[in-house]
Every structure is written in C-alpha cells, then in structure tokens.
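Letter by letter, the chains look like this.
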Amino acid sequence: MSGMPVPGAGAGEPVAEWAGDEPLVFELSGDLRGGPREVEPGVPVEALERLLPGVGLRTTPAPIPAVPEPVLARHLGRLARRNHNLHQGIYPLGSCTMKYNPAVDEQLAGLTGFADLHPDQDIDDVQGALQLMWELERLLCEITGMARISLQPAAGAHGEWTGLRMIQAYHAARGDTARTRVLIPDSAHGTNPASAALAGLEVVTVRSNSDGTVDVADLGGRLDRSVAAIMMTNPNTLGVFEKDIMEIARIAHEAGSLLYYDGANLNALVGLARPGDMGFDVVHLNLHKTFSTPHGGGGPGSGPVGVAPALTDFLPVPTVERTGDRFLLNHDRPRSIGKVRAHYGNFGMLVRAYAYIRSYGSTISQVAQDAVLNARYLQARLAPLFPMAVPSDSMHEFVATTRGCRVPELRAIDVAKRLLDYGVYAPTAYFPTTVPEALMFEPTETESKRSLDLLADTCAAIVAEAERDLEHVRSAPHLTPVSRVDEVEAARRPVLRWKPAE
Ligand SMILES: *Cc1c(COP(=O)(O)O)cnc(C)c1O
C-alpha cells in the first residue's frame, strides 16, 4: 500500500508521496499477442469490403497486451487508486451534483431480471421492467409537476435537445413558424446554448443582475414573436434562487414563448418546490445528479424530459402505457418528435432512480434541505477566506473567487491544484465565466460536518501557505501522479492513444 495517498490525513498535512511512474499495461506485457482468440467474422470478407470500401479492414493483428490475470488485476487496481473518487474523499464540484449514492441502488440495478434484460425480449417477459418505468414516470411527474415524462434521453444535454425539439413541434403545430430564438441567461450551463444551436435555434443571451438573478427588464425587452423558449435553471448556476420566476413565466407566456427548466439543480429543491408550479412547460432531470446514478467518466447517464399537458403529444416514442394490469410500449403517436434513443433508454439508471426515490418516499425533501444546509455551512466557513461572487444566500451551491482574498496573486487554479495534494478533489474553477477567478462549490447532502470542516480547513491552510510561499502553491500539485499540466496543450492536443514503437 505504500505510495498511496492518505486522503483526509488532516488539514495542513499533504498526502504521502506517490511511488513514481507506473508502467503501462503494454510495457508489462512480454509480447503483444495476448488478445482474445481470433474468431471468424461470420460475414464473408468480400461483403465487408463492399460495405466498407477501402477502409476499416485490419491487415495485421491488433497489438493486444498479453499479461496473466493477477498482473492485469493489480494494474487496474493501481490505476483505480490513482483516480479520486467518492469512496476516497469529498468531490465538491459545482454545477454537477457529485454525491455518494447508496450501494443498495447498485445491488437492485444488478438483479438478474433487470441487468440481463434483452431490449428485444417479448413484451410478456418484460412486464416488471415496464411497470418500473411506468411507476418511475409517475413519481417524477409528481416531483416535477409535469403531465408526462419520457425516460429516453441519455443525459442532461440530450434531454435539453429533446425538450427543445418538442417546443419547436408545439409552435409548428400551431402554425407559429417564426419562433426561431431561445433566450438564455449569461450564467447558464454551456450545454443550454449548445443544445439550442444543435436544434437549429438562435441563442440570445440575457443579462444577470448584481444579485446573480435574471434581469427581468432585460428579459422582457427581448421577448417578442421570434422567441420559442426561455431556458433557465432554478436555483441558477450561481446557486441563487430565481425569486422572480412566477413573473418571468407570466411575461414569457403572454409573449407566446414557452419556459424550459434545466433540472440539473433539482438537488436543491426536490420534494420542496416543483418546476411545474413555477410555470415551466418543459423540464429535464439529470438522474445522474439528483437521483442516485453514478456520475462521471462519461458513463451512462439519464436525462428524462417532462412536459406540461399542451405538449404531451410531441413526446418521443415509445411511451410506456398501462391498460388494466398490463404494460406496453406505444409507438403509435402520430405527432411525436420520433425516437431519440435506442430501446428503453439507459434502463439501469432508471432502476437506480426508482430505488432511490422509493427508499426516501415522502421524506425526499430531506435531500434538498441537507444539500442547502451543507452549502450554506461551507459558504459561511469559506467567507472569511474568499469573497463570494454575489451577496445573495446560496441554495445547494455557491461561487467564491480568489479575487480580493488575502494574497492578491493567488488564482483559482492554484487553490484547485493545491487541494489535490491534500487528497481533496478541486471544486469547479473558472465557471460560471461571468465571475473572474471563480471557485464553485457544491458539497451535496451526503457530506458530513467533518468532511466540510476538512475542506474548509484545507482551504485555510492553502491561503496561509500562499502567504508564506506563493510559488509552492502556484506550482502545485506536487504529490499527484501528474503535476501541473499545460492546460491549453492538454485540451488542444491530447494524447489519448498508445502507439506501438515502429
Ligand atoms: C450537468 C448540467 C447539464 C448537462 O447535463 P449532462 O448530463 O452532463 O449532459 C446542464 N445544465 C446544468 C446546470 C448542469 O449542471
């Protein structure tokens, strides 16, 4: 175990040193002929060449490492220990709810009847799975105040795009074809404008006030017959509740626009307030943020999207329906925007969300109350160290800045990188882009007071360290497998592939 970091060893005490460079699995391998035994493709090579003329057909075997199973197991174990994860310590990213999810939800998703389900199985054999989807839709409708929900989209951004396609279909069905623009606050998550652009809509940015909420006058001035929708999240990306939301909904609807809710921040409101009651017409949820689906690594997510009664006809196919005791998939929906995802969507995520919601039952608002309490506690502990981006009370997340802290040259990236040396994951840095040197924290409801104190004490230790030896903080991290990288180079020219020596 030597060479591993000891997370949470205590504030002011960096983790133990790393062992140094570890070999790649290719280097552990005696030769590179270890892959799965060759199998006949079952399709004649000539047919493959017709299908893929001139490309794609391998002429030499793939160089696959040959290592015994224990060597591979230890190699993968070593790699896993190099990654920060929620079993290791706090993961206070802002804007992405990175919470610890109950192990029981994993166990339930792993039940044979769920995990081994085949998407083309006979409808009589999958009644339980369909019942779970039908019931989950009802639970999520109750939580959001929406009429119907599609469980198909595979992530938040996919839900946004699906929701906007339904909004376009709604306007088109009314013969209202001039609505080609979407209003989006300047504090919005980057996926909002990206989804709107992918749906072929023009993005118009709306200003925020100094308290971090949408400037209703600016918004009102931009509302006209060309606006298809306003996309908002509440609480917004600064963690501030949009208290004018009812007024915004009123002026939006008066102008013929619809109101879209980005539900990625529902962790702050679940069980307490419903987007449907605030006047939102379309809502997406991130099951991988609010409802117990592991999040990160790009791994399967789920972004169900719900609609108000006027838009139910446009939901993607299929919908899950019940007649008597029987459940079925309905593909016969003439006004549907069509299919957005293969088969059932990411079914395993649906099982986890269902288990999570049912285990809380009517007490699910405790999630939101604890998430907000934890964020406010951490904010109060960090306020003496870092100025806050806005004076408003935060909900589940807040944005601090190193601008104006005790060490003028200290940048957000220095704090973020130095935290890694202490076995604490960095908060989101430089987002939202409206705040200079932003550090955005979302501790979530699953962190204890002890871990919040550890994070706050560590931040205090880093600022004190920067007062003594700024250069040491500016060159951090010193104890991670990879030290500070050239971020521009890493983003523009990533090396993601191992190539055999010629
Ligand atoms: C995470 C997030 C999204 C996008 O969700 P993905 O599942 O990552 O596509 C959208 N809006 C906000 C506010 C988010 O935090």
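Keep in mind it's a predicted model, so treat the numbers as computed, not measured.

## Some points on helix α8 (residues 191–198)
Working note: α-helix, 3.6 residues per turn, so residues spaced by three or four point in the same direction.
Stage number 1. Along α8, the residues that are buried comprise Asn192, Ser195 and Ala196. Angular distribution of buried residues about the axis of α8 spans 100°; they occupy a single face of the element.
Stage number 2. Packed against the buried residues of α8 are α7 (156–173), β2 (181–185), β3 (202–206), β4 (227–232) and β5 (258–263).
Stage number 3. Two residues or fewer past α8, glycine 200 is found with a positive phi of approximately 85°.

## Some thoughts on the sheet that holds strand β11 (residues 428–429)
Stage number 1. Pairing is antiparallel across the open sheet formed by three strands, whose spatial order is β10-β12-β11. For this open sheet the edge positions go to β10 (398–401) and β11, each flanked by a neighbour on one side alone.
Stage number 2. Strand direction decides the pairing type here: β10 and strand β12 (residues 438–441), joined by four bridges, are antiparallel. Counted as the bridge partner of phenylalanine 398 is phenylalanine 441 from β12.

## A look at the packing of aromatic side chains
Stage number 1. Throughout the structure, instances matching the rule amount to eight aromatic pairs.
Stage number 2. Each ring, one from tyrosine 344 and one from phenylalanine 347, has its centre 6.0 Å from the other, and the planes form 70°; the classification is edge-to-face. Accessibility classification places tyrosine 344 together with phenylalanine 347 in one group, the buried group.
Stage number 3. Connected via pairs of aromatic rings, a cluster forms that spans Phe114, Tyr344 and Phe347.
Stage number 4. Here the guanidinium or amino end of arginine 138 rests over the ring plane of tryptophan 134, the centre of that ring lying 4.3 Å away.
Stage number 5. A cation sits over an aromatic face here: arginine 322 above tryptophan 134, 4.5 Å from the ring centre.

## Focus: the confidence of the model for the protein
Predicted coordinates in areas of low pLDDT are best not read in detail.
Stage number 1. Confidence in the prediction of the protein, expressed as mean pLDDT, is 91, and 93% of residues score 70 or more.
Stage number 2. Between residues 1–11, whose pLDDT stays under 50, and residues either more than four places distant or in other chains, the model counts 20 contacts.
Stage number 3. Every residue in residues 15–19 is under pLDDT 50, and counting partners more than four places away or in other chains gives 21 contacts.

## Looking at the sheet that holds strand β6 (residues 282–285)
Strands belonging to one sheet form pairs held by backbone hydrogen bonds; the direction of such a pair is parallel or antiparallel.
Stage number 1. Here seven strands make up an open sheet; going across it, the order is β1-β7-β6-β5-β4-β2-β3 and the pairing mixed. Strands at the two margins of the open sheet, each flanked by one partner only, are β1 (148–150) and β3. Going from strand to strand, the sheet's axes swing by 25° on average, the running direction of each strand aside.
Stage number 2. Pairing of β2 with β3 involves five bridges; the strand directions are parallel. In the sheet register, proline 185 faces β3, and the bridge partner there is valine 206.
Stage number 3. The strands touched by helix α6 (residues 127–144) within the sheet are β1 and β6, with β1 carrying the most contacts at an inclination of about 120°.

## A word on a nonpolar patch on the surface
Stage number 1. Together, Val45, Leu51, Leu52, Val55 and Leu57 give the surface a local cluster of nonpolar side chains, amounting to about 430 Å² of exposed area.
Stage number 2. The topology assignment puts leucine 57 in the loop between α2 (45–51) and α3 (69–82).
Stage number 3. Exposure remark for leucine 57: the relative accessible area of 33% places this residue in the partly exposed category.

## Side note on the packing of helix α14 (residues 365–382) against helix α16 (residues 449–468)
Stage number 1. With their axes 10 Å apart at the nearest point, α14 and α16 run at an angle of 25° to one another. As the angle between them shows, α14 and α16 are arranged roughly parallel. By crossing handedness, the relation of α14 to α16 is classed as right-handed. Facing α14, whose interface residues are Asn374, Tyr377, Leu378, Arg381 and Leu382, α16 presents Lys449, Leu452, Asp453, Leu455, Ala456, Asp457 and Cys459.
Stage number 2. Counted by class, the contact of α14 with α16 contains seven nonpolar, one polar and four charged residues.

The rules we used
- Residues numbered from 1 in each chain as written.
- Predicted model: local features only at pLDDT ≥ 70, side-chain atom pairs only at ≥ 80, totals over all residues.
- Heavy atoms only, no water.
- Buried < 20%, exposed > 50% of the residue type's maximum accessible area, 1.4 Å probe, protein only.
- Helix = DSSP H or I, 4+ residues; strand = E, 2+ residues; numbered from the N terminus.
- Arc of directions from axis to C-beta.
- Contact = heavy atoms within 4.5 Å.
- Pairing = 2+ DSSP bridges.
- Phe/Tyr/Trp six-rings, centres within 6.5 Å; stacked < 30°, edge-to-face > 60°.
- Lys NZ or Arg CZ within 6 Å of the ring centre and 35° of its normal.
- pLDDT = per-residue confidence, 0-100.
- Axes fitted to C-alpha atoms, helices over the stretch in contact; angles between N-to-C directions.
- Patch = residues over 30% accessible without salt bridge, like charges linked within 9 Å, V, L, I, M, F, W, Y side chains within 5 Å.
- Areas by Shrake-Rupley, 256 points an atom, 1.4 Å probe, with all protein chains shown as cover.
- Salt bridge = Lys/Arg side-chain N within 4 Å of Asp/Glu carboxyl O.
- Parallel < 35°, antiparallel > 145°, perpendicular 65-115°, else oblique.
- Left-handed = near helix turned anticlockwise from the far one by under 90°.
- Nonpolar A, V, L, I, M, F, W, Y, C, P; charged D, E, K, R; others polar.

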